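# Residue-level structural notes
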Amino acid sequence: MEQYRNACLCEGASPSPAQSSRVRRAFAGAVHLGTHNGVLAIAGQGFVSGTNFLTGVIVGRVCSKEQYGLYFLGFTLIVILIELQNSLISTPYVVFNPRLDVAEKTRYAGSTLVHQLALSWVAVLGLMLAGQVAASGVGPEGLAPVLWTLALAITFVLLRDFVRRYCFGNLRMMTALVFDAGIACVQISALLALAHFGLLTASHAYWAVGAACAGAVAVWFAVNRRLFSLGVSRAVEDFRGNWSFGKWVFASALLWGVSMNLYPWILTTFRGPAEAGVLAACLGICALGNTVLMGAQNFVFAKISTVYAEGGVKPLRSFMWFASLFFGVPMACFCAALWFFGDPLIVLLYGEKYAGNGLVVFILSMHLFALAMAFPFSRALFAIDRADLDFAINFIALFVLLSFGIWMVRAYGSLGAALGLFASNTAAFIARSATFLYCSRHALAKEQAL
């Protein structure tokens, strides 16, 4: 894979007029985020975010706070596993795929599928073991059934995300949209049926999630099986290349995922699963902003990789600043709205049992704002092969958790968790933006010297 990582670097004299023209075209194409693919990416993410949001609302409103808290604990495990999958498999794929010819794309896609299945089986074994430990009395009551259900569903949940990232990496946004819409319809229908018959619990909710993902994944692979050329030896070779690039991305995702998703578990330890349910409901309100945010992230990350591959550091710097503003302006408006309407919204959607948590909702929205502003800088560091620095920055989140977050959670419950998350992401945003500016300035100087 080394030749693919280096394919975008120009050696020799200053750029020719043709090369300069390609740079201008790369940047011009990148800034048109209102194009067809950009709209489809946001619409597709609308189905994903909307499905997650409605699932949380249904479980939170129908079930007790304790059951919703258990559901949320399971959801944090899914988030961590998806982050690890993205770092080891999807992120290298999105970065390297634009640099390959047609034949290489098919073989590389087959390798990533082998990697994904291997990771899924590791996740299954880990969840089964965790379920057995929970059944022996470790952790909150009722956690074991959730973990065992997740062990059966997780392969299909991870495959669902794999298919989506594959579509994004190839800018097949309409395919991703149809795929996400199908899962949304099946999953929400199943949850409503369970609620209607009085059968909805945290573990049963994950049965519905797993079944919806399994059906959509089976149909997609039946239609698109020719896009993957499987080979074990090639998969091993590509894994070495992915690991060479992605080991820092993986370490970064592991560190960041643990630092961010430990808060509900710490909250459960000190205050019980009901308080974790409160945090889940507040995060659910903030998730209303995820449709535009995550849809834009999916499209922008692919564009960041393409811009750097085609033009180098200079157009990347310009595009990354534009992307930050693209995220920041709507998210600032969203935060302002939740300052006024956070508490009424949580009561409207989740019920009176969650009243009085408007301040928690607002602080969590500010955490989301900081996360959005940091995203382009993080992915730009990946693109210029400085994921090691992104990993180092994630120690800030761990430091905040250990020095400030645990104390705040113990003293103030869900409000303390919100403050810890906001502090972590704000500090990380400042560090990421400064680090990228420093590294890209030196990289640009090297490009101009060649």
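Residues numbered from 1 in each chain as written. Predicted model: local features only at pLDDT ≥ 70, side-chain atom pairs only at ≥ 80, totals over all residues. Heavy atoms only, no water.

## Looking at the packing of aromatic side chains
Taken as a whole, this structure holds 23 aromatic pairs when the rule is applied. Here Phe-96 and Tyr-108 contribute two aromatic rings whose centre-to-centre distance is 6.5 Å and whose plane-to-plane angle is 45 degrees, an arrangement assigned as tilted. With Phe-96 in helix 4 (residues 65-96) and Tyr-108 in helix 5 (residues 102-135), this pair connects stretches of sequence that are 12 residues apart. Among the aromatic residues, those joined into a ring-pair cluster are Tyr-93, Phe-96, Tyr-108, Phe-162, Tyr-166, Trp-220, Phe-221 and Phe-228. (Phe/Tyr/Trp six-rings, centres within 6.5 Å; stacked < 30°, edge-to-face > 60°. Helix = DSSP H or I, 4+ residues; strand = E, 2+ residues; numbered from the N terminus.)

## Remarks on the confidence of the model for the protein
The predicted model of the protein has a mean per-residue pLDDT of 83, with 86% of residues at 70 or higher. Per-residue pLDDT, averaged within each element of the protein, yields its smallest value for helix 1 (residues 2-5) (36) and its largest for helix 8 (residues 202-224) (95). Predicted confidence for residues 1-20 stays below pLDDT 50, and this span has 27 contacts to residues more than four positions away or in other chains. This model gives residues 26-34 a pLDDT under 50, and the stretch forms 19 contacts once residues within four places in sequence are excluded. (pLDDT = per-residue confidence, 0-100. Contact = heavy atoms within 4.5 Å.)

## Concerning the pattern of salt bridges
Within this structure, the stated rule accounts for seven salt bridges. One salt bridge connects Arg-165 with Asp-161, and the closest N-O pair in it is separated by 3.3 Å. Of this pair, Arg-165 and Asp-161 both sit in helix 6 (residues 143-169), four residues apart, which is roughly one turn of that helix. The burial state of Arg-165 is the same as that of Asp-161; both residues are buried. Asp-180 is paired through a salt bridge with Arg-164; the nearest N and O atoms lie 2.9 Å apart. (Salt bridge = Lys/Arg side-chain N within 4 Å of Asp/Glu carboxyl O. Buried < 20%, exposed > 50% of the residue type's maximum accessible area, 1.4 Å probe, protein only.)

## Focus on the packing of helix 4 against helix 8
Two numbers describe a pair of packed helices, the interaxial angle and the distance between the axes. Direction vectors running N to C along helix 4 and helix 8 enclose 45 degrees, while the axes themselves pass 8 Å from each other. Classified by the interaxial angle, the pair formed by helix 4 and helix 8 is oblique. Of the residues in helix 8, those in contact with Gln-67, Leu-70, Tyr-71, Gly-74, Phe-75 and Ile-78 of helix 4 are Ala-202, Ala-205 and Tyr-206. Looking at side-chain class alone, the contact of helix 4 with helix 8 contains seven nonpolar, two polar and no charged residues. (Axes fitted to C-alpha atoms, helices over the stretch in contact; angles between N-to-C directions. Parallel < 35°, antiparallel > 145°, perpendicular 65-115°, else oblique. Nonpolar A, V, L, I, M, F, W, Y, C, P; charged D, E, K, R; others polar.)

## Regarding the packing of helix 9 (residues 232-271) against helix 10 (residues 273-286)
For the pair helix 9 and helix 10, interaxial distance at closest approach is 7 Å and the crossing angle is 140 degrees. Of the possible angle classes, the one that applies to helix 9 and helix 10 is oblique. Our pair here, helix 9 against helix 10, has a crossing hand that is right-handed. Together, Pro-264, Leu-267, Thr-268 and Arg-271 of helix 9 and Pro-273, Glu-275, Ala-276 and Leu-279 of helix 10 make up the contact between the two elements. Grouping the constituent residues of the contact of helix 9 with helix 10 by class yields five nonpolar, one polar and two charged. (Left-handed = near helix turned anticlockwise from the far one by under 90°.)

## With respect to helix 7 (residues 173-196)
Compared with the 34 Å implied by 1.5 Å per residue over 24 residues, the 34 Å span of helix 7 between its first and last C-alpha is a close match. Of all the residues in helix 7, the buried ones are Met-173, Ala-176, Leu-177, Phe-179, Asp-180, Ala-181, Ile-183, Ala-184, Gln-187, Ile-188, Leu-191 and Leu-194. Two residues or fewer after helix 7 comes Gly-198, characterised by a positive phi angle close to 70 degrees. (Expected span 1.5 Å × (residues − 1).)

## Focus: the environment of Ser-120
By the secondary structure assignment, Ser-120 is in helix 5. Separated by 34 residues in sequence, Ser-120 and Ile-154 place their C-alpha atoms 7.1 Å apart. Apart from residues lying up to four places away in sequence, Ser-120 is in contact with Ile-154, Thr-155 and Leu-158.

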